[in-house]
Amino acid sequence: MNKILELKNLCINYKNKHLSKKILDDVSLDLYKGETLGIVGESGSGKTITGLAIAGLLDKKIFSISDGKIILENKDINSLDEESLIKYRGREISMIFQEPMLSLNPVQTIFQQLSEMVKLHITRDSKQVNEICDEIITKVGLNKITKILKSYPHMISGGQRQRCMIALALVCKPKIIIADEPTTALDVTLQKQILELLVNLKKESDTSLIIISHDLDLIKNYTDHVVIMKDGKKIEYNSTEN
């Protein structure tokens, strides 16, 4: 398989007025095209920080990459300026967060949020924008497309919001999707539906997927390889078949 992403000895510091602390220490990993990689660990292990760094979403006022590189297809993400990062997020890599009510814009409809992504990365032609939004909402398994697109996040259920988050992540057909605890707020039945949807859509578009979780059973069932983290360090990497 072709390697699409490489973390080389990544170190990240947390800083404020009073202290600077290393929270990610010498983390290296590879992600291959079409692969599903699991990153697992307890709270504070560094798994979410790793995902945010890959997605170019670290707040540079608080976090700094002190050493190492994040390489996406021979491009060092950390060397990109803010304008380049805006193009990178959504188009190259998208992130799905664990709580859609905190991630979706509460004062914009689902259509407004989807269309903004499409206009930024794909096309500004209104007819094509509408078609792309309709298509992605259908792909994530939502019925009553018009009603969903006209809704604000608080007007739809938790499962529908999570599917809308997946739609936002997939609409620009990124090379990598990072799902950070994507089913935490859902009941067991919905968890299975959302994870199977993610994996099926990943296969359909030949996208690479990173699932971040504290749940080893989930990681075992839905990923090809797993990285186990503790205290900001990678302590194990292996196939989930072992």
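Computed from a predicted model, the values in this text were never measured in an experiment.

### As for the pairing of strand β7 (residues 176–180)
Right, so step 1: Where burial is concerned, most of β7 is hidden: five out of the five residues are buried.
Right, so step 2: Here β7 shows a buried face lined by Ile176, Ile178 and Asp180 and a second buried face lined by Ile177 and Ala179.
Right, so step 3: Judged from the four bridges that link them, strand β6 (residues 93–96) and β7 form a sheet pairing that is parallel. Note that in β7 the partner of Ile93 across the bridge is Ile176.

### Some details on the nonpolar core
Generally speaking, a soluble globular protein has its nonpolar side chains buried in company with each other.
Right, so step 1: In terms of nonpolar packing, the biggest core is built from 40 residues, with Ile96, Ile110, Leu114, Ile137, Ile166 and Val171 touching the most fellow members.
Right, so step 2: Element by element, the count of residues in this core is highest for helix α7 (residues 158–170), at seven residues.
Right, so step 3: In contact with Ile110, other than residues within four places in its own chain, are Leu104, Ile137, Ile148, Leu149, Ser151, Pro153, Ile156 and Cys164.
Right, so step 4: Ile4, Leu29, Phe63 and Leu72 belong to the second largest nonpolar core, which has 32 residues in total.

### Considerations on the environment of Glu196
Right, so step 1: Topologically, Glu196 is positioned in helix α8 (residues 188–205).
Right, so step 2: Residue classification places Glu196 among the partly exposed residues on the basis of a relative accessible area of 31%.
Right, so step 3: Between the C-alpha atoms of Glu196 and Ile62, which are 134 residues apart in sequence, the distance is 35 Å.
Right, so step 4: At a separation of 2.7 Å, a polar atom in the side chain of Glu196 contacts the side chain of Lys192.

Conventions and cut-offs
Residues numbered from 1 in each chain as written. Predicted model: local features only at pLDDT ≥ 70, side-chain atom pairs only at ≥ 80, totals over all residues. Heavy atoms only, no water. Buried < 20%, exposed > 50% of the residue type's maximum accessible area, 1.4 Å probe, protein only. Helix = DSSP H or I, 4+ residues; strand = E, 2+ residues; numbered from the N terminus. Pairing = 2+ DSSP bridges. Core = buried A, V, L, I, M, F, W, Y, C linked by side-chain atoms within 4.5 Å. Contact = heavy atoms within 4.5 Å. Polar contact = N/O pair within 3.5 Å; in protein donor to acceptor, adjacent residues only side chain to side chain.

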